[in-house]
Amino acid sequence: MSEANMTIEVLPEKVIGRIAAGEAIERPASVAKELIENAIDAGASSVHVEVEAGGRRLLRVTDNGTGIRKGEIELAFKRHATSKLRSADELQGLTTLGFRGEALASIAAVSRAAIVTRYRDEGMGVSLKLRGGIVEHQQRVGVPAGTVVAIENLFFNTPARLAFLKSEATEKRHIHWVVLRYAMAYPEIAFALKQDGRERFRSSGGGELADVVATSFGLKAFKSMVAIDDAEERRPGRPGIDITGYTSLPSLSRASRDRIILFVNGRAIQDSTLSHAITQAYDGLLKAGAFPFTVLLLTMPPDFVDVNVHPTKAEVRFRDSQLVFVAVQRAVREALLGSADAVPAADLWSATGFTDDYIAYQNPRPAWRQLPADDPFDDDGLDYVPEAADSPIRPRTLPVLRVLGQVGAAYIIAEGPAGLYLVDQNAAHERVLYQKLIDESVNGGVQSAALPESQTVLLSPGDAELLSDVSGLFMQLNFEIEVFGPNSFFIRRAPQIVSSLLAADYLPHMLERLRQSEKTTERARQSLAAVAAVRSGQILQREEMQSLIAQLERCPAPFASPSGQKTLVHLSREQLADEFKRR
């Protein structure tokens with residue numbers, strides 16, 4: 001039948017069910033996820049998952065939750081039937097993992113399903129069997145309170161979907177990580193996973209996240225991780241955000257992001273922006289292409305996050321994504337800087353010439369602790385210098401350096417307690433400015449200034465189109481830009497760090513950097529810091545060099561620029577002695 005001759009008709013319910021199943025159930029791991037979430041919502045303290053043939057032949061989930069009332073068992077397998085939602089308004093404050101009322105119906109539509117359940121206040125349970133979503137058999141049974149759902153021959157009636165499944169080993173691995181993720185999010189629940197008759201995972205349900213992470217990643221990996229425990233305090237117009245979890249030291253990494261595990265209000269999510277915030281926290285600590293092991297649990301008011309974004313519920317939308325991004329990045333970064341082992345020993349420890357007297361990490365404290373104005377020294381003898389009267393005080397990350405001069409109009413020569421330092425003035429200034437932008441964003445927004453006279457910038461057509469596409473990023477940096485004409489723009493306000501520069505000189509360079517990278521707030525900050533930084537070849541006065549070095553000494557990540565360029569080279573006394581044969 002040609003398309004022109006087809007009439008519009010309402011699809012049969014059976015076809016609708018299979019289409020809906022394709023949206024929510026992608027593979028056996030999707031089934032495991034939905035059934036585990038139902039068990040958690042039912043208040044289970046024990047969840048057991050059994051798998052055969054990678055979930056194609058059998059996937060059974062057993063829980064000791066509240067169970068389903070016998071009079072509602074068939075209704076539970078109807079599309080859009082749920083006990084967790086009554087009106088659209090309740091979407092703003094959901095506290096359950098499930099809410100769509102589609103999971104059981106979608107799973108049953110593409111499998112042979114069986115459920116045995118007893119509601120805890122009822123004397124008898126009920127057993128129900130379905131084939132392709134159609135009820136075949138139902139009877140009363142005597143069983144313990146809770147629910148057992150067994151899914152057999154998944155996708156038996158949708159051969160196209162069955163053909164797209166990966167190898168059995170791959171599907172088993174996906175199910176394995178679904179179970180591990182929820183065991184981490186709910187350490188108070190005892191999880192067990194058995195695959196093809198062999199137990200592959202078990203958590204105690206003792207409530208300690210550390211135990212589950214150690215079991216999931218292995219004790220050796222866990223010993224190379226640090227705890228994260230941070231909170232974004234509630235302010236007018238801003239919610240409180242609690243951030244807990246574990247993240248690996250730079251000595252432990254992978255070549256992919258698959259060990260970055262995120263939860264929001266107990267919901268396992270996929271969020272490239274938050275993953276980027278985590279990797280940004282390792283800026284200067286991990287080489288390009290390396291990613292950490294991270295388990296991060298975010299807790300925030302339910303009305304601050306929209307979970308009704310995607311059929312799989314794996315994506316969420318935040319009311320203020322920038323606030324969450326900055327909070328996550330800061331929490332991970334502070335956890336790293338709170339550890340004496342945060343700097344890789346092979347490359348950075350010897351490169352800095354630190355001695356025990358200068359290691360601010362030996363006695364960890366909150367990285368942004370505010371000391372009294374009349375207390376210039378902390379009780380352990382490590383000096384803290386405020387950047388301004390009302391600024392947070394940052395711990396020293398480099399030893400005290402004394403500026404000696406400049407070489408090649410590109411490198412600052414400084415002396416430290418353990419030798420000589422050559423500092424790349426461009427990379428160091430870029431690092432300092434980037435950190436300044438992060439600090440300002442956390443504390444109310446990037447500081448900007450109205451330009452004495454509006455500057456007009458004529459861009460290439462490609463740059464003009466890109467500027468329109470990323471205008472939101474420039475607004476976050478507190479630029480005020482207006483369209484003046486074809487490819488022409490007025491710059492009325494700009495961040496302070498470039499307010500003395502001509503926009504025509506730096507704006508095309510910012511856009512070129514954004515064109516070649518991800519279009520994110522962090523990339524925009526990096527681009528702004530790069531165009532504002534002092535250039536190689538620029539002669540600096542001694543006061544300018546001293547100021548730059550002093551700021552670098554307090555920078556949380558002083559060893560590399562945001563783009564990964566090394567900021568300093570250290571020549572130890574021993575190296576100098578070897579060169580001059582003084583040993």
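These lines cover the structure that appears in this document, whether it is placed above or below. This one's a predicted model, so the numbers in the text were calculated from it and none came from an experiment.

**Considerations on the environment of G54**
Move 1: You can see G54 is positioned in the loop between β1 (46-52) and β2 (58-63).
Move 2: Accessibility expressed as a relative area gives 1% for G54, which makes it buried.
Move 3: The sequence separation of G54 and T170 amounts to 116 residues, and the corresponding C-alpha distance is 7.8 Å.

**Quick word on a nonpolar patch on the surface**
Move 1: Among the surface-exposed residues, V407, Y411, L422 and V569 lie close enough to one another that they form a single nonpolar patch of about 300 Å² accessible area.
Move 2: Checked against the element boundaries, V569 lands in strand β22 (residues 568-572).
Move 3: By relative accessible area, V569 is classed as partly exposed at 39%.

**A few points about the packing of aromatic side chains**
Move 1: A full pass over the atoms with the stated rule returns six aromatic pairs.
Move 2: Each residue in the set W177, F217 and F293 is aromatic and connected to the rest through ring pairs, giving one cluster.
Move 3: One cation-aromatic arrangement involves R112 over F156; the distance from NZ or CZ to the ring centre is 4.3 Å.
Move 4: Lying across the ring of F490, R492 places its NZ or CZ 4.9 Å from the centre.

**Overview of the packing of helix α11 (residues 425-442) against helix α15 (residues 521-532)**
Move 1: As a packed pair, α11 and α15 sit with axes 8 Å apart at the nearest point and diverge in direction by 135°. Considering the angle they form, α11 stands oblique to α15. Along this stretch, α11 crosses α15, giving a crossing that reads as right-handed. Contacts from H429, E430, L433, Y434, L437, I438 and S441 of α11 reach α15 at E522, R525, Q526, L528, A529, A530 and A532.
Move 2: Split by residue class, the contact of α11 with α15 holds eight nonpolar, three polar and three charged.

**Describing the packing of helix α8 (residues 272-281) against helix α9 (residues 321-337)**
Helix packing for two helices is described by the angle between their axes and how far apart those axes are.
Move 1: Their axes nearest at 8 Å, the elements α8 and α9 cross at an angle of 35°. When the axes of α8 and α9 are compared, the crossing they make is right-handed. Only V324, F325, V328, Q329, V332, R333 and L336 of α9 make contact with α8, whose side of the interface consists of T273, L274, H276, A277, I278, Q280 and A281.
Move 2: In terms of residue class, the contact of α8 with α9 is made up of nine nonpolar, four polar and one charged.

**Let's talk about the pattern of salt bridges**
Move 1: Going through the model one piece at a time under the given rule, you end up with 17 salt bridges.
Move 2: Between D258 and R259 there is a salt bridge, and its shortest N-O distance comes to 3.3 Å.
Move 3: By relative accessible area, which is 15% here, R259 ends up buried.
Move 4: One salt bridge in this structure joins K436 and E440, with 3.1 Å as the shortest N-O distance. Of this pair, K436 and E440 both sit in helix α11, four residues apart, which is roughly one turn of the helix.
Move 5: Take K436: its relative accessible area is 32%, and that puts it in the partly exposed class.
Move 6: On the basis of relative accessibility, which here comes to 7%, the residue E440 falls in the buried class.
Move 7: Within this structure, R254, D258 and R259 form a network of salt bridges that share partners.

The rules behind each value
Residues numbered from 1 in each chain as written. Predicted model: local features only at pLDDT ≥ 70, side-chain atom pairs only at ≥ 80, totals over all residues. Heavy atoms only, no water. Helix = DSSP H or I, 4+ residues; strand = E, 2+ residues; numbered from the N terminus. Buried < 20%, exposed > 50% of the residue type's maximum accessible area, 1.4 Å probe, protein only. Patch = residues over 30% accessible without salt bridge, like charges linked within 9 Å, V, L, I, M, F, W, Y side chains within 5 Å. Areas by Shrake-Rupley, 256 points an atom, 1.4 Å probe, with all protein chains shown as cover. Salt bridge = Lys/Arg side-chain N within 4 Å of Asp/Glu carboxyl O. Phe/Tyr/Trp six-rings, centres within 6.5 Å; stacked < 30°, edge-to-face > 60°. Lys NZ or Arg CZ within 6 Å of the ring centre and 35° of its normal. Axes fitted to C-alpha atoms, helices over the stretch in contact; angles between N-to-C directions. Parallel < 35°, antiparallel > 145°, perpendicular 65-115°, else oblique. Left-handed = near helix turned anticlockwise from the far one by under 90°. Contact = heavy atoms within 4.5 Å. Nonpolar A, V, L, I, M, F, W, Y, C, P; charged D, E, K, R; others polar.

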